[in-house]
Amino acid sequence: MLFRKSQTIVHFSVESFSSAISFSYITWQNSSGPTAFNVHMSKVTFQHCTLEHVNFQFTGLNTNLLIQNTAVSHCSSQSTEIPLFFMQILYNYSTSIFIQNSTFSYNKSPIIYAMQFQEIFMEDTLFLKNGKDISSLPLLTVSGSSVVLKNSIFNHTLGTSIEVKNVKNFKASKVVFLSNNGSIGSCLVVKRHSNVSLVDTIFKQNTNPVVFVKDNDGINILLKTCSFGCIQSREGINLPFLKASSGSNITATNCSIAKSCSVHCNNGELVKSNLYCEKCQPGSFSYDETNNILSDSCRSCPEGTYTSSTGSTNCSLCGEGTYAPKSG
């Protein structure tokens, strides 16, 4: 099924099973009624298309999706909680999502929810001023897939830009996160058993921790040659760029931090790689009267004192009949 040559469509819906559907140079515009796609075991292509001011909902099961040179703007689904593209794979079906040279702007609903895809590839794509408010669902939610994201921009997102969970490999390179504002993590939220690699990625003028690790079970994050701008609270204190529980494996190499962006941590913590805070280990502590920790190390407990828990702000005297012969 092929639609092409500069057609303008106001209202259009598709239900398809095991088909190949291609849209080329098609415009959906100013639709008050729903534009709905319900496709199973199909291949759907949008090339040089425009969706503008449309009530849009694409639901795909075991379906391949290709979006190239396409603009999606001022669109919403039937609810701001439902993504424009809801994609799911069952029974180990081999499918992929490919997005290139496209723009998603001023959309109130989340853009994509993708579950169990073999591969998701996005390149040269702009996400501009999407989301309803800072508590909005993530623009992109990916679960159980492998993701490659290249040369793309997330600008002025309300809510988290990307959430990944149970993702074997999430690889982002030459991506810019600029002025995003989320209530949890403005750029990336990582959950459960995920491997994340961020290379040559720029974080600038975002709020909250730019990367938030929500579950520390099997989380590995690599930051390489990334650039970070300041994240400030209302009091003007620089907040950590990453927020993660102990147990997450975080590696940062050759990252650059703006000179004025020394991270401040809380009592009981230390500054790690000038990016995030980590709790002091048993036998050590940190404390500052203003609760602003700038040091990259914790202080060892003096002789005759101890602490057996992580995140301690002081050390206790040894109990009667016991003694700590050395510090730490």
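As shown above, the structure is provided for reference.
Definitions and cut-offs
Residues numbered from 1 in each chain as written. Predicted model: local features only at pLDDT ≥ 70, side-chain atom pairs only at ≥ 80, totals over all residues. Heavy atoms only, no water. Helix = DSSP H or I, 4+ residues; strand = E, 2+ residues; numbered from the N terminus. Buried < 20%, exposed > 50% of the residue type's maximum accessible area, 1.4 Å probe, protein only. Contact = heavy atoms within 4.5 Å. Disulfide = S-S within 2.5 Å. Patch = residues over 30% accessible without salt bridge, like charges linked within 9 Å, V, L, I, M, F, W, Y side chains within 5 Å. Areas by Shrake-Rupley, 256 points an atom, 1.4 Å probe, with all protein chains shown as cover. Salt bridge = Lys/Arg side-chain N within 4 Å of Asp/Glu carboxyl O. Phe/Tyr/Trp six-rings, centres within 6.5 Å; stacked < 30°, edge-to-face > 60°. Lys, Arg positive; Asp, Glu negative; His and termini not counted.

### Details of the environment of F241
1) Next: Counting through the fold element by element, F241 comes out in the loop between strand 27 (227–228) and strand 28 (242–243).
2) Next: By relative accessible area, F241 is classed as buried at 1%.
3) Next: Note: C-alpha distance between F241 and V263 (22 residues apart in sequence) is 7.9 Å.
4) Next: Excluding its chain neighbours within four sequence positions, the residues that come into contact with F241 are P209, V210, V211, F228, G229, C230, I231, I257, C261, V263, N274 and L275.

### Details of the state of the cysteines
1) Next: With the rule as written, the count across this model stands at 3 disulfides.
2) Next: A sulfur-sulfur separation of 1.9 Å characterises the disulfide bridge that pairs C265 with C277. Note on the C265 and C277 pair: the S-S dihedral is about -95°, so by sign convention the disulfide is left-handed. Remark: C277 occurs in strand 32 (residues 276–279) and C265 occurs in the loop between strand 30 (256–257) and strand 31 (269–272); sequence separation between them is 12 residues.

### Some details on a nonpolar patch on the surface
1) Next: The grouping of F17, M41 and Y93 at the surface amounts to a nonpolar patch, some 300 Å² of accessible area in total.
2) Next: We classify M41 as partly exposed; its relative accessible area is 33%.

### Considerations on the packing of aromatic side chains
1) Next: Overall, the coordinates contain 20 aromatic pairs when judged by the stated rule.
2) Next: Ring centres of W28 and F37 lie 6.2 Å apart, and the angle between their planes is 70°; this geometry places the pair in the edge-to-face category. You'll find W28 and F37 in the same group, each marked buried.
3) Next: One aromatic cluster is present, built from ring pairs that chain together F23, W28, F37, F46, F56, F58 and F85.

### With respect to the side chain of K165
1) Next: Tracing the sequence through the fold places K165 in strand 19 (residues 162–165).
2) Next: Buried charge without a partner: K165 forms no salt bridge, and the closest opposite charge is E163, 4.2 Å away.
3) Next: Apart from the residues within four sequence positions on either side, K165 is in contact with Y113, T141, V142, S143, G144, K191, R192 and S194.

### So, the pattern of salt bridges
1) Next: Enumeration over the complete set of coordinates arrives at 1 salt bridge.
2) Next: Of the charged contacts, one joins K191 and E163 as a salt bridge, the two residues approaching to 3.4 Å between their closest N and O atoms. Of this pair, K191 sits in strand 22 (residues 188–191) while E163 sits in strand 19, and the two are 28 residues apart along the sequence.

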